[in-house]
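Observations on chain architecture
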Amino acid sequence: IIWLKIKLMECEWKPDEQGLQQILQLLKESQSPDTSTQRSVQQRLEQLNQYPDFNNYLIFVLTKLKSEDEPTRSLSGLILKNNVKAHYQNFPNGVSDFIKSECLQNIGDSSPLIRATVGILITTIASKGELQNWPELLPKLCLLLDSEDYNTCEGAFGALQKICEDSAEILDSDMLDRPLNIMIPKFLQFFKHSSPKIRSHAIACVNQFIISRTQALMLHIDPFIENLFALATDDEPEVRKNVCRALVMLLEVRLDRLLPHMHNIIEYMLQRTQDHDENVALEACEFWLTLAEQPVCKEVLCGHLSQLTPVLVNGMKYSEIDIILLKGDIEEDEAIPDNEQDIRPRFHRSRTVAQQHEGDGIEDEEDEDDELDDDDTISDWNLRKCSAAALDVLANVFREDLLMHILPLLKELLFHPEWVVKESGILVLGAIAEGCMQGMIPYLPELIPHLIQCLSDKKALVRSITCWTLSRYAHWVVSQPPDVYLKPLMTELLKRILDSNKRVQEAACSAFATLEEEACTELVPYLAFILDTLVFAFSKYQHKNLLILYDAIGTLADSVGHHLNKPEYIQMLMPPLIQKWNQLKDEDKDLFPLLECLSSVATALQSGFLPYCEPVYQRCVNLVQKTLAQSMLHQSQPEQYEAPDKDFMIVALDLLSGLAEGLGGTIEQLVARSNILTLMYQCMQDKMPEVRQSSFALLGDLTKACFQHVKPCIADFMPILGTNLNPELISVCNNATWAIGEVSIQMGPEMQPYIAMVLHQLVEIINRPNTPKTLLENTAITIGRLGYVCPQEVAPMLQQFIRPWCTCLRNIRDNEEKDSAFRGICTMISVNPGGVVQDFIFFCDAVASWVNPKDDLRDMFYKILHGFKNQVGDDNWRRFADQFPMPLKERLATFYGV
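Here the structure is a predicted model, which is why all the values come from computation and not from measurement.

Now for the overall build of the protein. Check the secondary structure of the protein and you find 50 helices and 0 strands. Its C-alpha atoms give the protein principal-axis dimensions of about 100 × 70 × 65 Å. A burial count over the protein gives 56% of its 898 residues as buried. Pairs at least 24 residues apart make up 75% of the contacts formed inside the protein by residues separated by at least 6 positions. Just so you have it, the protein exposes about 40100 Å², and 52% of that area is on carbon and sulfur atoms.

In this section: the nonpolar core. One finds Trp-288 and Phe-609 to be the most contacted residues of the largest nonpolar core, which totals 314 residues. For this core, the element with the most residues is helix α36 (residues 647–663), which contributes 11 residues. Setting aside residues up to four positions removed in sequence, Trp-288 forms contacts with Ile-266, Met-269, Leu-270, Thr-273, Leu-301, Leu-308, Leu-312, Ala-390 and Leu-394. If you look at the next biggest cluster of nonpolar residues, it comprises 5 residues, including Ile-323, Leu-326, Val-420 and Leu-461.

Okay, the UniProt feature "domain: Importin N-terminal" (unreviewed entry) in the protein next. The feature "domain: Importin N-terminal" (unreviewed entry), as given by UniProt, occupies residues 41–109 in the numbering adopted here. The span residues 41–109 shows a helical share of 72% and a strand share of 0%, and its end C-alpha atoms are spaced 28 Å apart.

Moving on, we get to the packing of aromatic side chains. Two numbers describe a pair of aromatic rings. These are the distance of the centres and the angle of the planes. Summed over the entire model, instances satisfying the criterion amount to 23 aromatic pairs. Taking 5.9 Å as the distance between ring centres and 50° as the angle between the ring planes, the aromatic pair formed by Phe-609 and Tyr-612 counts as tilted. The pair formed by Phe-609 and Tyr-612 is uniform in burial state, with each residue classed as buried. On the numbers, 5.5 Å between centres and 85° between planes, the contact of Phe-822 with Trp-850 is edge-to-face. Placement of the pair is Phe-822 in helix α46 (residues 816–831) and Trp-850 in the loop between α47 (840–848) and α48 (855–872), with a sequence separation of 28 residues. Residue classification places Phe-822 among the buried positions, given a relative accessible area of 0%.

Unlike most non-glycine residues, Arg-213 shows phi in positive territory, near 50°. Relative to the elements of secondary structure, Arg-213 occurs in the loop between α12 (196–207) and α13 (215–218). Residue class for Arg-213 comes out partly exposed when judged on its relative accessible area of 46%. At Asn-770, a residue that is not glycine, the phi angle is positive and equals roughly 60°. Assignment of secondary structure puts Asn-770 in the loop between α42 (755–766) and α43 (773–789).

Considering every residue of the protein, the mean pLDDT works out to 87; 94% of them sit at 70 or more. Taken as a whole, residues 1–10 scores under 50 in pLDDT and shows 1 contact with residues more than four places along the chain or in a different chain. Confidence drops under a pLDDT of 50 for residues 359–379, and excluding neighbours within four residues, the segment shows 46 contacts in the predicted structure.

For the rest of this paragraph, the subject is a negative patch on the surface. Taken together, the side chains of Glu-517, Glu-518, Asp-551 and Asp-558 define an acidic patch exposed on the protein surface. Listed by contribution, the elements that provide at least two residues to the negative patch are α30 (502–519) and α32 (543–560). By the element assignment, Glu-517 lies in helix α30.

If you check the domain split of the protein, you get domain 1 (17–248), domain 2 (260–329 + 379–441) and domain 3 (712–897). Each of domain 1 and domain 3 has a C-alpha centre, and these two points are 63 Å apart.

A few words on the pattern of salt bridges. If the charged atoms of two oppositely charged side chains come close together, the side chains can form a pair. This model, assessed by the stated rule, comprises 37 salt bridges. With a closest N to O distance of 3.4 Å, Glu-238 and Lys-241 form a salt bridge. Of this pair, Glu-238 and Lys-241 are both found in helix α15 (residues 237–253), 3 residues apart, which corresponds to roughly one turn of the helix. Sharing partners across several salt bridges, the network here consists of Asp-222, Arg-254, Asp-256 and Arg-257.

Most of helix α4 (residues 54–63) sits inside the fold, with 10 of its 10 residues counted as buried. Taken together, the buried positions of α4 are Phe-54, Asn-55, Asn-56, Tyr-57, Leu-58, Ile-59, Phe-60, Val-61, Leu-62 and Thr-63.

Topologically, Tyr-526 is positioned in the loop between α30 and α31 (527–540). Each C-alpha atom, one on Tyr-526 and one on Asp-701, is 31 Å from the other, the two residues being 175 residues apart in sequence.

The subject of this paragraph is the packing of helix α8 (residues 137–144) against helix α9 (residues 150–166). It is the contact of α8 with α9, at a shortest axis distance of 8 Å, that shows an interaxial angle of 140°. Here α9 runs oblique to α8, going by the angle between their axes. Crossing angle aside, the handedness with which α8 passes α9 is left-handed. Note on element contacts: α9 touches α8 through Thr-152, Cys-153, Ala-156, Ala-159, Leu-160 and Ile-163, opposite Leu-137, Leu-138, Leu-141, Cys-142 and Leu-144. Looking at the contact of α8 with α9, its residues break down into 10 nonpolar, 1 polar and no charged.

What follows is about helix α29 (residues 486–497). With 12 residues, α29 extends 16 Å from end C-alpha to end C-alpha; this agrees with the ideal 16 Å at 1.5 Å per step. For α29, every residue scored as buried is listed here: Leu-486, Leu-489, Met-490, Glu-492, Leu-493, Leu-494, Arg-496 and Ile-497. On its buried side, α29 packs onto α26 (444–454), α27 (460–472), α28 (474–479), α30 and α31.

Before going further, it helps to spend a moment on the side chain of Asp-701. The topology assignment puts Asp-701 in helix α39 (residues 689–710). Within polar-contact distance, the side chain of Asp-701 engages the side chain of Ser-657 at 3.4 Å. Those residues in contact with Asp-701 that sit more than four places away from it in its chain are Arg-351, Ser-657, Ala-660, Glu-661 and Trp-738.

Secondary-structure assignment places Thr-117 in helix α7 (residues 112–133). According to the relative accessible area criterion, Thr-117 is buried, its value standing at 4%. Between the C-alpha atoms of Thr-117 and Leu-78, which are 39 residues apart in sequence, the distance is 6.9 Å. Excluding anything up to four places from it in sequence, Thr-117 contacts Leu-62, Ser-74, Gly-77 and Leu-78.

Rules behind the numbers
- Residues numbered from 1 in each chain as written.
- Predicted model: local features only at pLDDT ≥ 70, side-chain atom pairs only at ≥ 80, totals over all residues.
- Heavy atoms only, no water.
- Helix = DSSP H or I, 4+ residues; strand = E, 2+ residues; numbered from the N terminus.
- Buried < 20%, exposed > 50% of the residue type's maximum accessible area, 1.4 Å probe, protein only.
- Contact = heavy atoms within 4.5 Å.
- Areas by Shrake-Rupley, 256 points an atom, 1.4 Å probe, with all protein chains shown as cover.
- Core = buried A, V, L, I, M, F, W, Y, C linked by side-chain atoms within 4.5 Å.
- UniProt positions renumbered as here; feature names shortened; annotations may be inferred.
- Phe/Tyr/Trp six-rings, centres within 6.5 Å; stacked < 30°, edge-to-face > 60°.
- pLDDT = per-residue confidence, 0-100.
- Patch = residues over 30% accessible without salt bridge, like charges linked within 9 Å, V, L, I, M, F, W, Y side chains within 5 Å.
- Salt bridge = Lys/Arg side-chain N within 4 Å of Asp/Glu carboxyl O.
- Lys, Arg positive; Asp, Glu negative; His and termini not counted.
- Charge placed at Lys NZ, Arg CZ, Asp CG, Glu CD.
- Domains from an automatic or database assignment.
- Axes fitted to C-alpha atoms, helices over the stretch in contact; angles between N-to-C directions.
- Parallel < 35°, antiparallel > 145°, perpendicular 65-115°, else oblique.
- Left-handed = near helix turned anticlockwise from the far one by under 90°.
- Nonpolar A, V, L, I, M, F, W, Y, C, P; charged D, E, K, R; others polar.
- Expected span 1.5 Å × (residues − 1).
- Polar contact = N/O pair within 3.5 Å; in protein donor to acceptor, adjacent residues only side chain to side chain.

What follows is the structure, encoded as C-alpha cells:
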C-alpha cells in the first residue's frame, strides 16, 4: 500500500507555487544583459541542483506552463539540457521518467521554438547512453511521423534528425537490434511530403548514414538516389541544400551509382553553384572539391570546364556581406588594439630531426602554410573560399587544359576598374599558381610587375590578397636574376609589412616568410634593410600581428643562417626580442612563438648568441621544471590541481635544443650548473608523445655538444630509447632513432651492451612498407653508426637490411652523418662479406651517390668494389656490370676504376 501511495504521488507531481515563482524569477533575471546579475543567477542555479525535483520544475515550465512567454520556457528547457549533460546519472528514477514522458507528450507543441527545445532535450538524454534504456523512444517518434497534425510530425522529425546526427554509430550497431532497417525506408517515404520543412528533415536524417556506408541505406541506395533527383529543383532552399550535400557524400562512397547519371549531375551542380541562396551554392561548390579527388574527374569533367570555370571565378568575388564583416571600408586600423577573441590559439610544432637532400634545404613533409587562407576572420568557410579551393585542386588535375578557359577571364578581371572584381582576379591568379605554373611562366614577366604595382593599391583588401598571390609565385621570382623581380618585390613587400592596415600587415608578413624560405641566402645582401623593417614593425604592431612577426624573423634566421652573425645585425635584432622576452610572464602563451623564434635565431647566430644565452637557458630549464612539478601535483591530486599546459615544456625543450645546436661546446658550463638531465629523464617518460619527441631531440643535441655530462646517464636513457622505437608515433620514433645514432658515435665500442635493446626494432622499421622518408633515412644512418662502433654485433644482420639501407641513403647529401653511416656499412661488409652478395648492385648504386667522399672513405669503397670483382672473376663481373644503368657504370669506372 505504501508503495502504491508513492507511485501515485510520483504520477501526480505538482510544483510548489512558491518554488515555481522563484524559478521563474531566476529565468527572467538570467535574460538580463548585466554580467554580475548573470553570475549570481549561475550560482543560484548550481545551488538548486542540490534538490532532486528542481529538474521537474524546469520541465514543467517548458511543457506545461503555457501562460509564460516562449523564450523563458525555452530557456528553462536549455538549463535542463545542461543539467542532463552534467548530472543525468544522478537523477532519481521518478524525475527522469517524468522528464521523458513530458518530452514525448509535448514534441508536437504549437510553437516551433518549444518543439525544437524539446527535441534538443530528447537527443541529449538519448546520447547519455539512454537509447538502450529508453526503448520506446524510437518506435514512438517513428509512429508520431504518421500523425495528421503537422506540428507533431515536424517535432518528431526534428528530434529524429538530432538523434541521427548525435547517435549515428549506435543506431547502426547490434546494441539496439538495428532500428535503421525500419527507420530508413520510413524516412524515404517522406521525401515527397507536401511540407518543405518535413522533406528537408527526411533528407537530413538519411544523409547522416551515407559516409559510414550504413548497410540499411546501401540496401535502398537506388530509391534514395531517385528520390534525390526528384527533389533536385525543390522551391525550398533547405531541401536543395540537403540534396546537394547528399550528392557530394555519395560521390565519395557510391560513385558507381552516380556514374550513369554523371552528365546530368554535373549540369545540375553547375546551376546550384550559382543558386541565389548562398548556403545552397556553398554545398554545391563542395561537389567540385570532392570530384577533383576522384580518379574519374578528368574524364567526366573535361567537357564541362568551359562552363564551370566562369562559375567558380564568379564565386570568388567578395559578397557585400563579406565586405561589411571584414570592415573592408576601414583602410587604416593599425592603432586599434586587437580583440583578444580573434587571436587563434597557436599550436607549437615539435622539433623533428631531418636529413638534407640533393639540391634543396631541409625537405618539409607537408607545406601547409600557403593554403587559401586569405580572409580568416569571417565565417571560416564561405563560397569565396570554397570556389578558390575548388579552382586550386582543379588546376592541379587539369593543369594547362584549365588555363585556356581561365586566361581570357583573367585579362578582363585583373585590369577591371571595380576593386572587388580586380581583387577576385588576383585571387584567381594565386589559386591556379600551383597547378598551372608551367603554363603561366610565359605571362609572368608581365604579370609580376603588375602585381607588384597592385601592392600599393588604395584598397587594403586588394593589397592584402596581392601579398598572398605573389607569395604563390615566389619560387619563380627567386629563379630569375635578383634585380629583375626579387629586389622590387622585396622592397614593396617590406613597405606593406609597415602598412597602416592590420590585415595587410598580416598578409605581407606571411608572404615575406614564404619569400624567405624560397630565397634563402639570396637575401644576404639586403639583410640590413630587412632587419630595419622587421624591427620597426615591433614598435608598430598590435598583439595578433606581433605573433606573425616572430615567425617572419625566425624564418629569416633559418634562411640566412650564420650570415646573421654580424655585430651590427645582432645589435638591431636582439634588444627588441629580449625586451619582449622580459615582459612576458611564464604563463603567457605568447612565449610559444617567441621561443620558437629565439630557437631559430640562436641556431643561426651561434657564438653571437652567447651574451644572451644564460638567462634564456635558465628560463627554459625553469619552464620545464615548473611544468613537470605541476603535472605531478595534478596526477596525485587531480581535484585540487589542474593539468598544466605541456606546450610550455615542449617549446622550452626545443629552444634548449636550438641553444645546444647553435652554441655547441660553449653550452657545457650551463649544463653542468643545472639539473637538465634529471628533468630530461622525466620528460623522456612523459605520457604525451610530443614531450618525448622534443626530449629525444634535446638528448641528441646535448650528446653532440657536451657528451661528458650525458654519458653518466646513458644506462638509464638507452632502455627508454629502445621502448620508443615504435613507428606508429613517427616523430617520436624518428627523434629517438636519431639520438641513438648520436649517442653511439660518442660511446664507441662501449655501446656494445645496448645494441640488443635497439637493433631488432631498427631493422624492422627499415623493412616496413610505407614508412616516411625522414624516418627511413634516420634509421639507416643509425644502423650504419651502430655497425661502425660495434661491427661484430651488427654485421650478422647485414643481409636483413642492406637493400633498403642502400636505397634510402642514396638520395641524401654528403655530410657527417652519411659519412659515419657508410664507414659503418664498409666495416660490416669486411666482417660479413656474404651478407651483401645478393644485393651488391644496391651497394654499388649507393657508393656512386657520393659526390666527394673523404679520401679514406673512398679507399674503403675502392677495396670493397675491387675485392668483389677479384672474387668473382672478370667474366662474371662483366656480366654483373652489364645490368647497371649507364650513368652508374660511368661513375664507378671514373671514380673507382671498375
